[in-house]
Amino acid sequence: MHRFHKIAATVLCLLLASCAIAEINVAQDALDQASLEDLYALRERIDERIAELERGLHADQVYPSGSYQVGDDIPAGYYVVMEAERALFSSLIIRSQADEAGEILAHELILGQAVVKLTAGTYVTFADAVAYPMDSAPDIRLSNVDTLPEGGYWVGTHLEPGTYVIAPMEKAPLSSYSVFDDVLGTDAQLVKFEKITQPISVELEAGQYLELSGCTLSR
């Protein structure tokens, strides 16, 4: 009986191998008959799938303080950068080159957290900060808490578009907020900046990026 099982397993493997070879031949025939336009479209879908799988490999990765080449040491994409534990001055710097001679493309002091887009070919340095891929970042959203503390928040991700109340923190020496049309690391433009001494109402739109300094946000 044992010998029969071995023979059956061998036959099954051969059948599966034959099916796989047949499928490869069919795929090769389809490629041979495809037009150049079809092949371009196929290549685009393959590239998208590869990028998706690569993002999955790094989905749970955390990037501590240090310098990284985007595209090699850290994948390009969107990140939430948070203050490291007991940090005094957390920051991020994006440069065009690895050394200090490189043009500074973005420089941000981090209060609580910030959202940044990293582009392949640039160099980023996190100081007293930890970066999380957007999909695996700690879930700090207004839907989970009553009030958002000072920090950077992406409208549509951390809070829904709509009307909110921004209030100064009790012991803050200066309370202000900024609204940009996109997150850090892009060509974002300042939409609004305001210092406040009392609670005010603001309207936020999808895609905007809100920075709170010395103040909080609530419904």
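Residues numbered from 1 in each chain as written. Predicted model: local features only at pLDDT ≥ 70, side-chain atom pairs only at ≥ 80, totals over all residues. Heavy atoms only, no water.

A. Representation of the overall build of the chain. Each helix and strand in the chain was counted, giving two helices and 15 strands. Split into buried and exposed, the 219 residues of the chain put 31% on the buried side. (Helix = DSSP H or I, 4+ residues; strand = E, 2+ residues; numbered from the N terminus. Buried < 20%, exposed > 50% of the residue type's maximum accessible area, 1.4 Å probe, protein only.)

B. Quick look at the pattern of salt bridges. This structure, assessed with the given rule, holds one salt bridge. Between Lys192 and Glu194 there is a salt bridge, with the nearest N and O atoms lying 3.7 Å from each other. Overall, Glu194 belongs to the partly exposed group, its relative accessible area being 27%. (Salt bridge = Lys/Arg side-chain N within 4 Å of Asp/Glu carboxyl O.)

C. Representation of the pairing of strand β13 (residues 200–204) within the structure. Only one face of β13 is covered, namely the face carrying Ile200, Val202 and Leu204; the face carrying Ser201 and Glu203 is uncovered. Across five bridges, strand β10 (residues 162–168) lies against β13 in antiparallel orientation. Residue pairing in the sheet places Tyr164 in a bridge with Val202 of β13. (Pairing = 2+ DSSP bridges.)

D. Here's a closer look at the sheet that holds strand β1 (residues 66–69). Judged by pairing direction, the sheet is antiparallel, and its four strands sit side by side in the order β1-β6-β3-β4 without closing on themselves. With partners counted over all chains shown, the strands left at the sheet margins are β1 and β4 (104–110), one partner each. Ignoring strand direction, the axes of neighbouring strands in this sheet form an average angle of 10 degrees. Across four bridges, β1 lies against strand β6 (residues 123–127) in antiparallel orientation. Of the residues in β6, the one forming a bridge with Tyr68 is Val124. (Axes fitted to C-alpha atoms, helices over the stretch in contact; angles between N-to-C directions.)

E. Expanded view of unusual backbone geometry. Even without glycine at this site, Asp128 takes up a positive phi of about 50 degrees. Turning to its location among the elements, Asp128 is positioned in the loop between β6 and β7 (129–133). The class for Asp128 is partly exposed, based on a relative accessible area of 39%.

F. Region of the structure containing the sheet that holds strand β2 (residues 77–83). In spatial order, the strands read β5-β2-β7; together these three strands make up an open sheet with antiparallel pairing. The two strands at the open ends of the sheet, each matched to only one other strand, are β5 (113–118) and β7. Recorded for the sheet is a direction-independent mean angle of 30 degrees between the axes of neighbouring strands. With five bridges connecting them, β2 and β7 associate as antiparallel partners.

G. Representation of the packing of aromatic side chains in the model. This model, assessed by the stated rule, comprises four aromatic pairs. Measuring from centroid to centroid gives 5.6 Å for Tyr63 and Tyr68, while their planes differ by 90 degrees, and the two rings are edge-to-face. The exposure classification of Tyr63 matches that of Tyr68, with both residues buried. Between the aromatic rings of Tyr63 and Tyr79, the centroid separation amounts to 6.1 Å while the plane-to-plane angle is 80 degrees, which identifies the pairing as edge-to-face. With Tyr63 in the loop between α2 (36–57) and β1 and Tyr79 in strand β2, this residue pair connects regions lying 16 residues apart in the sequence. Residue Tyr63 is classed as buried on the basis of its relative accessible area of 4%. According to the relative accessible area criterion, Tyr79 is buried, its value standing at 3%. (Phe/Tyr/Trp six-rings, centres within 6.5 Å; stacked < 30°, edge-to-face > 60°.)

H. Fine view of the nonpolar core. If you look at the biggest cluster of nonpolar residues, it comprises 29 residues, and the most contacted ones within it are Ile74, Val81, Val116, Leu118, Val124 and Phe126. Among all residues touching Val81, those that are not within four sequence positions of it are Leu92, Ile110, Gly112, Gln113, Ala114, Val116, Phe126, Ala129, Val130 and Ala131. Listed in part, the 17 residues of the second largest apolar core include Val155, Leu159, Ile196 and Cys215. (Core = buried A, V, L, I, M, F, W, Y, C linked by side-chain atoms within 4.5 Å. Contact = heavy atoms within 4.5 Å.)

Treat this as a map of the structure, not an account of what it does.
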